[in-house]
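Results of the structural survey
What follows is the residue order along each chain.
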Amino acid sequence: MRSEKSRKPTVPASADAIAGASADAAGEAEGEAARLPDYAERVLDVAELIPPGRVMTYGDVAEWLGEGGPRQVGRAMALYGGAVPWWRVVRSDGVLLPGHELSALDHYREEGTPLREAARSAEGHVPRLDMKRARWDGADTGEGAHK
C-alpha cells in the first residue's frame, strides 16, 4: 500500500457533478496536500488491494471496512480516488462510471476484466461489467483477515 505522503487528495473531473462538495475538499485539491480523512484513506487502501481484472462494489468496500455505506464510499472515491485504481470500485449493476466510461473501459480491457456486451438498444452501446465473474470477495489479499 502507498504511504499517506505519496497520496495527494485529488478531485476527478466528475466531482463537480457531486452535490455538496465541501470547500475543504476543494481547497485541498487546489493546493496544500492536507491529510486525507481517515475514512477516505481506508477506502483508498481497499481500492489498492483489488487485483487487476477484478472489481468490488461501493457496498462491498463499505462492508469490508465495517462502516459507512455505498454513498460514503462513492463520495470518498469521487473526491480522492484519482491516485488509486478507481475503475475497480464500481456500481453493483455493472454500469460503467458515467463520464468515465471510455477511460474505465480501456483499463478493463487492458486488465482482462470480464465484460458483458451491451444490447443494441443500450444507450451508447457501452458494455457493462460481468459482475458474476469480475466481482472480488477480498480473499487472497496476503493482508490477513479484514475487519
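Residues numbered from 1 in each chain as written. Predicted model: local features only at pLDDT ≥ 70, side-chain atom pairs only at ≥ 80, totals over all residues. Heavy atoms only, no water.

What about the confidence of the model for the chain?
Our working rule: Values of pLDDT, ranging from 0 to 100, describe the predictor's confidence in every residue of the model. Should any heavy atoms of two residues lie within 4.5 Å, those residues are considered in contact.
Here the chain averages 80 in pLDDT, while 69% of its residues score no lower than 70. A low-confidence stretch, residues 8-29 stays under pLDDT 50, and its non-local contacts, those more than four residues away or across chains, total 35 contacts.

Comments concerning the nonpolar core
Keep this limit in mind: The term nonpolar core refers to a set of buried residues drawn from Ala, Val, Leu, Ile, Met, Phe, Trp, Tyr and Cys, joined through side-chain atoms within 4.5 Å. Type-normalised accessible area, obtained with a 1.4 Å probe on protein chains alone, sets the label of each residue: buried when under 20%, exposed when over 50%, and partly exposed for intermediate values. Only DSSP runs of H or I with at least four residues qualify as helices, and only runs of E with at least two residues qualify as strands; both kinds are numbered from the N terminus onward.
Core analysis: the biggest nonpolar cluster contains 34 residues, and Val 43, Val 61, Val 73, Met 77, Val 89 and Tyr 108 have the highest contact counts within it. For this core, the secondary structure elements donating two or more residues are helix 2 (38-49), helix 3 (58-65), helix 4 (70-80), strand 2 (89-90), helix 5 (101-111) and helix 6 (131-134). The greatest single-element share of this core, amounting to 7 residues, is contributed by helix 2.

Looking at the environment of Asp 106
Within the secondary structure layout, Asp 106 lies in helix 5. Relative accessible area serves as the criterion here: at 51%, Asp 106 is assigned to the exposed category. In this structure the C-alpha to C-alpha distance between Asp 106 and Trp 87, which are 19 residues apart in sequence, comes to 9.9 Å.

Digging into the pattern of salt bridges
Convention followed: When a carboxyl oxygen of Asp or Glu lies within 4 Å of a side-chain nitrogen of Lys or Arg, that pair is called a salt bridge.
Tallying each qualifying case throughout the model produces 6 salt bridges. Two residues, Glu 67 and Arg 42, come together in a salt bridge whose shortest N-O distance is 2.4 Å. Linking Glu 67 in the loop between helix 3 and helix 4 with Arg 42 in helix 2, this pair joins segments that are 25 residues apart in sequence. With a relative accessible area of 36%, Glu 67 lands in the partly exposed category.

Looking at the packing of helix 2 against helix 4
Put simply, the test is: To define axes, lines are fitted to C-alpha atoms, for helices over the stretch in contact only, and angles between the resulting N-to-C directions are given on a 0 to 180 degree scale. What sets the label is the angle itself: under 35 degrees gives roughly parallel, over 145 gives roughly antiparallel, 65 to 115 gives roughly perpendicular, and the rest give oblique. Here the term charged refers only to Asp, Glu, Lys and Arg, the term nonpolar to Ala, Val, Leu, Ile, Met, Phe, Trp, Tyr, Cys and Pro, and the term polar to all other amino acids, Gly among them.
Closest axis-to-axis distance for the helix 2/helix 4 pair is 9 Å, and the angle between their directions is 85°. As the angle between them shows, helix 2 and helix 4 are arranged roughly perpendicular. For the pair formed by helix 2 and helix 4, the contact residues are Tyr 39, Ala 40, Val 43, Leu 44 and Ala 47 on the first element and Gln 72, Val 73, Ala 76, Met 77 and Tyr 80 on the second. Classifying every residue of the contact of helix 2 with helix 4 gives 9 nonpolar, 1 polar and no charged.

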